[in-house]
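Here is how the chains run, residue by residue.
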Amino acid sequence: MPYDESVDIYDDNRVFTGKTLPREGLCLPEGEFMLYALCVVKNKEGKYLITQRAANKSWGAGWWEISGGGVLAGEDTVTTAIREIGEEVGLDVAGAPFELLYSYKNVDLKYGSNYIADIFCFTLDFQLEDVVLQEEEAQACRLVTWEDIQELGKQGIFLHYERLRQALGK
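Bear in mind that the values here come from a model prediction, so they are computed numbers and not experimental data.

Quick notes on the rules
Counting from 1, residues in each chain are numbered in the order their sequence is written. Owing to the predicted nature of the model, reporting of local features is limited to residues with pLDDT of at least 70; listing and counting of side-chain atom pairs is limited to 80 or more, with chain, interface and lining totals taken over all residues. Just so you know, side-chain values use all the structure's heavy atoms and leave hydrogens and water out. Like-charged residues are merged into a patch within 9 Å and nonpolar side chains (Val, Leu, Ile, Met, Phe, Trp, Tyr) within 5 Å, provided each residue has over 30% relative accessible area and no salt bridge. Using a 1.4 Å probe, accessible areas were evaluated by the Shrake-Rupley method; residue-level cover was limited to the displayed protein chains. The rule for a salt bridge is simple: a side-chain nitrogen of Lys or Arg has to be within 4 Å of a carboxyl oxygen of Asp or Glu. We count Lys and Arg on the positive side and Asp and Glu on the negative side, and we leave His and both chain ends out. Where a charge sits is defined by one atom per residue type, namely NZ (Lys), CZ (Arg), CG (Asp) or CD (Glu). Note on conventions: DSSP H or I runs of at least 4 residues are helices, E runs of at least 2 residues are strands, and numbering of each starts at the N terminus. Exposure categories follow from relative accessible area, calculated using a 1.4 Å probe and restricted to protein chains: below 20% of the type maximum is buried, above 50% is exposed, and the middle band is partly exposed. In this text, buried Ala, Val, Leu, Ile, Met, Phe, Trp, Tyr and Cys residues form a nonpolar core when linked through side-chain atoms within 4.5 Å. A contact between two residues is defined here by any heavy atoms of the two lying within 4.5 Å. Cysteine sulfur atoms are paired as a disulfide whenever they come within 2.5 Å of each other. A fitted line through C-alpha atoms represents every axis, and for helices the fit uses only the stretch in contact; the resulting angles, taken between N-to-C directions, go from 0 to 180 degrees. Any angle that is under 35 degrees is reported as roughly parallel, and any over 145 degrees as roughly antiparallel; angles of 65 to 115 degrees are reported as roughly perpendicular and all others as oblique. Left-handed describes a crossing whose near helix is turned anticlockwise from the far helix by less than a right angle; the clockwise case is right-handed. Gly counts as polar in this scheme, as do all residues outside two lists: the nonpolar Ala, Val, Leu, Ile, Met, Phe, Trp, Tyr, Cys and Pro, and the charged Asp, Glu, Lys and Arg. Centre distance within 6.5 Å is the pairing criterion for rings of Phe, Tyr and Trp, where only the six-membered ring of Trp is used; planes under 30 degrees apart are then read as stacked, over 60 as edge-to-face, and the remainder as tilted.

Undergrad: Whenever I open this one, a negative patch on the surface confuses me. Can you help?
TA: On the surface, Glu45, Asp125, Glu129 and Asp130 cluster together into a patch of negative charge. Counting through the fold element by element, Asp125 comes out in the loop between strand S8 (115-124) and strand S9 (138-144). A relative accessible area of 59% places Asp125 in the exposed class.

Undergrad: It is not clear to me how the nonpolar core should be interpreted in this structure. Could you clarify?
TA: Side chains of a nonpolar character, in soluble globular proteins, are inclined to be buried together. Counting residues in each nonpolar core, the largest one holds 24 residues, and the members touching the most others are Val40, Ile50, Ile66, Ile149, Phe158 and Leu164. In this structure Ile50 touches Trp64, Glu65, Ile66, Ala140, Cys141, Arg142, Val144, Ile149, Leu152 and Phe158, once residues within four positions along its chain are discounted. Membership of the second largest hydrophobic core comes to 16 residues, among which are Val89, Ala96, Phe122 and Cys141.

Undergrad: Looking at this structure, how should I read the state of the cysteines?
TA: A covalent bond bridging the sulfur atoms of two cysteines is what the word disulfide describes. Within the structure shown, the criterion is met by 0 disulfides. Free cysteine: Cys121, not disulfide-bonded; nearest cysteine sulfur from Cys39 at 10 Å.

Undergrad: Help me understand the environment of Glu30 in this model?
TA: Summarising the element assignment, Glu30 is placed in the loop between strand S2 (16-22) and strand S3 (34-43). Glu30 sits in the exposed class, given a relative accessible area of 67%. The contact partners of Glu30, leaving out residues within four places of it in the chain, are Leu109 and Asn114.

Undergrad: Explanation requested: the packing of helix H2 (residues 146-154) against helix H3 (residues 161-168) in the structure shown.
TA: Working note: a packed helix pair is described by the angle between its axes plus the distance between those axes. Where H2 contacts H3, the two axes come as close as 10 Å, and the packing angle between them is 150°. The angle between the axes of H2 and H3 places the two elements in the roughly antiparallel class. As for how H2 packs across H3, the hand of that crossing is left-handed. Of the residues in H3, those in contact with Trp146, Ile149, Gln150 and Gly153 of H2 are Tyr161, Leu164, Arg165 and Leu168. The residue makeup of the contact of H2 with H3, split by class, is 5 nonpolar, 2 polar and 1 charged.

Undergrad: Looking at this structure, I do not really get the packing of aromatic side chains. What am I missing?
TA: By the definition in use, this model includes 8 aromatic pairs. Taken together, a centroid distance of 5.8 Å and an interplanar angle of 55° make the contact between Tyr10 and Phe16 tilted. Given a relative accessible area of 11%, Tyr10 falls into the buried group. Owing to a relative accessible area of 42%, Phe16 belongs among the partly exposed residues under this scheme. Where Tyr102 meets Tyr104, the ring centres are 6.1 Å apart and the plane angle is 35°; that geometry is what we call tilted.

In C-alpha cells form, the structure reads like this:
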C-alpha cells in the first residue's frame with residue numbers, strides 16, 4: 001500500500017468525525033477508528049482462497065491470510081473489499097454475490113491501531129490459475145478447505161484466524 005494514502009476517521013459508533021488523515025504513521029487515540037475490509041473469496045466448489053504474505057513484510061511475513069486492507073478516504077468497506085481483491089489476487093468480484101459475515105472493533109491504544117473491520121464473503125467461479133498475485137503483498141496462494149485454515153490457525157500462522165472463525169460460524 002503506498003504511503004501517501006489518506007483514511008477517514010470514525011467515532012466509536014462508526015460515524016465519520018470529519019477528519020481525514022494520512023495513513024502513514026497513523027496513531028489513533030481512544031474513541032477514534034479507521035475502517036478495514038477483510039475478504040473471504042470462495043469458489044463454486046466451496047474452497048477458500050488464501051494468500052501467503054510476502055517475506056519482506058514488516059508484520060506477519062510468511063503467514064497465511066485472506067485478502068483485505070484499509071478503507072481509503074471516501075470509500076466504504078464494500079468498495080474497499082472489491083478493490084483489495086482486485087489488487088491482491090487479480091480477481092474481479094464486482095457484481096459477484098457477497099454477504100457481510102461479521103464486523104468487529106479492534107482497540108489497541110498502545111500502538112494507536114484502532115479499527116473497525118467488516119468481513120465479507122464473495123462467491124466467484126474461478127480456479128487457482130485465474131489468480132494473479134501482487135508480488136509486494138503475497139508470495140503464494142492456495143485454494144483450501146476450512147480444515148486447512150484451521151490447521152494453519154492451530155500452527156499460529158494464519159492472520160485474523162479467530163475473527164475469521166467467528167465470521168464463518170466455525
